[in-house]
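# Breakdown of the fold
So the chains spell out like this:
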Amino acid sequence: VVDDLERGRVDLGAGMTPLRPAPRLAAVLGLRRLWLKLDAANPTHSFKDRVVSVALSAARAFGFEVAACASTGNLANAVAAHAAVAGMGSVVLVPEGLESGKIAATAVYGGRLIAVRGSYDDVNRLCIELASERDWAFVNVNLRPYYAEGSRTLAFEIAEQLGWRAPDAVVAPMASGSMLTKVAKGFRDLHRVGLLADEPRVTMYGAQAAGCAPIAGAFVEGRDEITPVRPSTVARSLAIGNPADGYYALREVRAGGGAMAVVPEDEVAEGIRLLARTEGLFTETAGGVTVAGLRALVRDGALAPERETVALLTGTGLKTLEALAPARPTGVVAPSIDRVEALLSEEVGR
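It should be emphasised that the depicted structure is a prediction, and the values quoted were computed from it without experimental measurement. (Residues numbered from 1 in each chain as written. Predicted model: local features only at pLDDT ≥ 70, side-chain atom pairs only at ≥ 80, totals over all residues. Heavy atoms only, no water.)

### Overview of helix H4 (residues 74-86)
The terminal C-alpha atoms of H4 lie 18 Å apart, and with 13 residues this matches the ideal 18 Å at 1.5 Å per residue to within 8%. The element H4 is extensively covered by neighbouring structure, given that 11 of its 13 residues are classed as buried. Looking only at H4, the buried set comprises Asn74, Leu75, Ala76, Asn77, Ala78, Val79, Ala80, Ala81, His82, Ala83 and Ala86. Along its buried surface, H4 packs onto helix H3 (48-62), strand S3 (66-70), strand S4 (89-95), helix H5 (100-107) and helix H7 (144-149). (Helix = DSSP H or I, 4+ residues; strand = E, 2+ residues; numbered from the N terminus. Expected span 1.5 Å × (residues − 1). Buried < 20%, exposed > 50% of the residue type's maximum accessible area, 1.4 Å probe, protein only. Contact = heavy atoms within 4.5 Å.)

Next up, the structure:
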């Protein structure tokens, strides 16, 4: 299978996204050193390109001809794009009412796109049933073991970009909880094969929006069990009410002495704006959860200011414009210098 994977690799060029210092955001938050991992730089503008590249490479090796998934948006984009470049058919199922940017960025690849009345968890249950009836490669169902491992590449790249060392802390948004656990595993794997000389002691931190916080809610309340919830959140890419890897994310964070934050819904957009104002970066709602969660973790003393921290920004804000609506110009004027000057004077006087 390994040789077949290499020969049939499905690749749009994912990975080696920028790891950028964020001194202005760090100063606002009270952190000594902060890095941002910018996964909007991937081909379909989210970290999902990593996991789909691995999953569909395995699918090709196993002889599948149709790629499929249940998705809250980013995965739909990535599956449709990778299926197109691999010459595979694609069937993508999403909850009805998804952001228009994510719908357009999936439909453009020409595959089948099906909206399902209900939540992501309803869509996922339907895909599990379809996987037993159809000979399709559901990347996050029957190919999930391969799909999940793709997130380890975040840790591999962060360590390489830091000069083959691990940071003190990583802050990640959580949906299923899988990415957080695989990033932690990735650092340990690098040490195991000798690429990190010192044993990594990376503390993992997670964040979820209050409208769908089954994992972070369990952490805050000191529970071991994950209680499913019905999602109602602006952070739709994180809206998984019954997270498959929630227990493992809890275990990983607790074992390393980390913490989780539940971000109020009205602070998600503020997290997006704070990042944009300080670092000139426009992230999606999941990134807003990361930034707002990071602020809460530092404020509450869960993340020490002196710790070198990496925050994972998993997608672009162009996919979730609705979260910032209504957005309007600061003013409308006639094409006249005098009118511009008058408008600017009015703003200064306010």
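Structure's up, so let's keep going.
### So, the side chain of Ser178
Its location among the elements puts Ser178 in helix H9 (residues 178-192). According to the relative accessible area criterion, Ser178 is buried, its value standing at 6%.

### Notes on the pairing of strand S7 (residues 169-173)
Most of S7 sits out of view: 5 of its 5 residues are buried. Side chains of S7 alternate between two faces, with Ala169, Val171 and Pro173 and Val170 and Ala172 buried alike. The pairing of S7 with strand S8 (residues 203-209) spans 5 bridges and is parallel. Of the residues in S8, the one forming a bridge with Ala169 is Thr203. Running through H9, the crossover from S7 to the neighbouring parallel element S8 is right-handed. (Pairing = 2+ DSSP bridges. Right-handed = clockwise from strand over helix to strand, strands pointing away.)

### A word on the pairing of S4
Consecutive side chains of a regular strand alternate in pointing toward one face of the sheet and then the other. Summarising burial for S4: 6 of the 7 residues are buried, a large majority. Handedness of the β-α-β unit built from S3, H4 and S4 comes out right-handed. With 5 bridges connecting them, S4 and strand S5 (residues 112-116) associate as parallel partners. Within the sheet, the bridge partner assigned to Leu93 lies in S5 and is Ile114.

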